[in-house]
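Now for the letters of each chain:
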Amino acid sequence: MAYWLFKSEPSTWSWDDQVAKGDAGEEWDGVRNYQARNIMRQMAVGDQGFFYHSQTEKAVVGIVEVIAESHPDSTTDDDRWDCVDIKAMRGLSTPVTLDQIKAEPRLAEMVLVRNSRLSVQPVTQAEWDIICAMGA
DNA sequence: GCCAACGTTGGC
DNA sequence: GCCAACGTTGGC
């Protein structure tokens, strides 16, 4: 199983919005970036991901599961853009903030730290375990 | 609200 | 195919 990170502005699509969708989940649509799209194309059903709030909160707030592999993005007619579907699994007891992540030397190589603008990112097993422990 | 970083676009 | 201009994103 692989791990990922999904970034969203809470004012556009928040963790609460995602939770409200329940097990039906929702398309992770609107991505218009080749790098992010290519990462989504690598995802498999059952993979897990962090749900990260950018801008005001800047923290990992929850864990999601991929429930549909990459397919055309229904919000555009442009066939270049794909998306996956995800559903909320559980919230973190304590959100893990960007400050905490930057303060943890073992997370210095995270894409979130290295390339903060990428909206969909891969996460390693080690990074996953560390952040889960920090948020428990 | 500003600015730096980055990606995309379009003219040549 | 290069590069300047522009738009977007996200941290501060």
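Residues numbered from 1 in each chain as written. Chains lettered and ligands numbered in written order. Predicted model: local features only at pLDDT ≥ 70, side-chain atom pairs only at ≥ 80, totals over all residues. Heavy atoms only, no water.

A. Inspection of the packing of aromatic side chains at higher detail. A full pass over the atoms with the stated rule returns six aromatic pairs. Measuring from ring centre to ring centre gives 5.2 Å for phenylalanine 6 and tryptophan 28, while their planes differ by 65 degrees; the resulting arrangement is edge-to-face. Taken together, the residues span a long stretch of sequence, with phenylalanine 6 in strand E1 (residues 3–8) and tryptophan 28 in the loop between strand E2 (26–27) and helix H2 (34–41) at a distance of 22 residues. For phenylalanine 6, a relative accessible area of 0% puts it in the buried group. Under the relative-accessibility criterion, tryptophan 28 is labelled buried at 6%. Linked through ring pairs, Phe6, Trp15, Trp28 and Phe51 together constitute an aromatic cluster. (Phe/Tyr/Trp six-rings, centres within 6.5 Å; stacked < 30°, edge-to-face > 60°. Helix = DSSP H or I, 4+ residues; strand = E, 2+ residues; numbered from the N terminus. Buried < 20%, exposed > 50% of the residue type's maximum accessible area, 1.4 Å probe, protein only.)

B. Summary view of the pairing of strand E3 (residues 48–53). Counting buried residues in E3 gives six out of six residues, a clear majority hidden from the surface. Along E3, one buried face is formed by Gln48, Phe50 and Tyr52 and the opposite face, lined by Gly49, Phe51 and His53, is buried too. Here E1 runs beside E3; their pairing, made up of six bridges, is parallel. Each bridged residue has a counterpart across the sheet, and for serine 8 the counterpart in E3 is histidine 53. Looking at chain direction, E3 and strand E4 (residues 59–72) are connected through six bridges and run antiparallel. Counted as the bridge partner of glycine 49 is valine 64 from E4. (Pairing = 2+ DSSP bridges.)

C. Looking closely at the protein's contact with DNA strand B. As a structural note, the neighbourhood of DNA strand B is formed by Asn33, Tyr34, Gln35 and Arg117. Restricting attention to atoms of DNA strand B within 4 Å of the protein, one finds that 54% of them are sugar or phosphate atoms. One of the side-chain nitrogen or oxygen atoms of glutamine 35 is found 3.3 Å away from a phosphate oxygen of DNA strand B. Within the contact set of DNA strand B, a base oxygen lies 2.4 Å away from a side-chain nitrogen or oxygen of arginine 117. (Near = heavy atom within 4 Å. Polar contact = N/O pair within 3.5 Å; in protein donor to acceptor, adjacent residues only side chain to side chain.)

D. Summary view of the sheet that holds E4. The mixed open sheet is built from six strands, whose spatial order is E2-E5-E4-E3-E1-E6. Strands at the two margins of the open sheet, each flanked by one partner only, are E2 and strand E6 (120–123). When E2 meets strand E5 (residues 82–97), the two strands line up antiparallel, connected through two bridges. Bridge pairing in E5 places glutamate 26 opposite isoleucine 86. Sheet contacts for helix H5 (residues 125–135): E1, E3, E4, E5 and E6; angle to E5, the most-contacted strand, approximately 45 degrees. (Contact = heavy atoms within 4.5 Å. Axes fitted to C-alpha atoms, helices over the stretch in contact; angles between N-to-C directions.)

Scope: geometric values only; no functional claims are made or implied.
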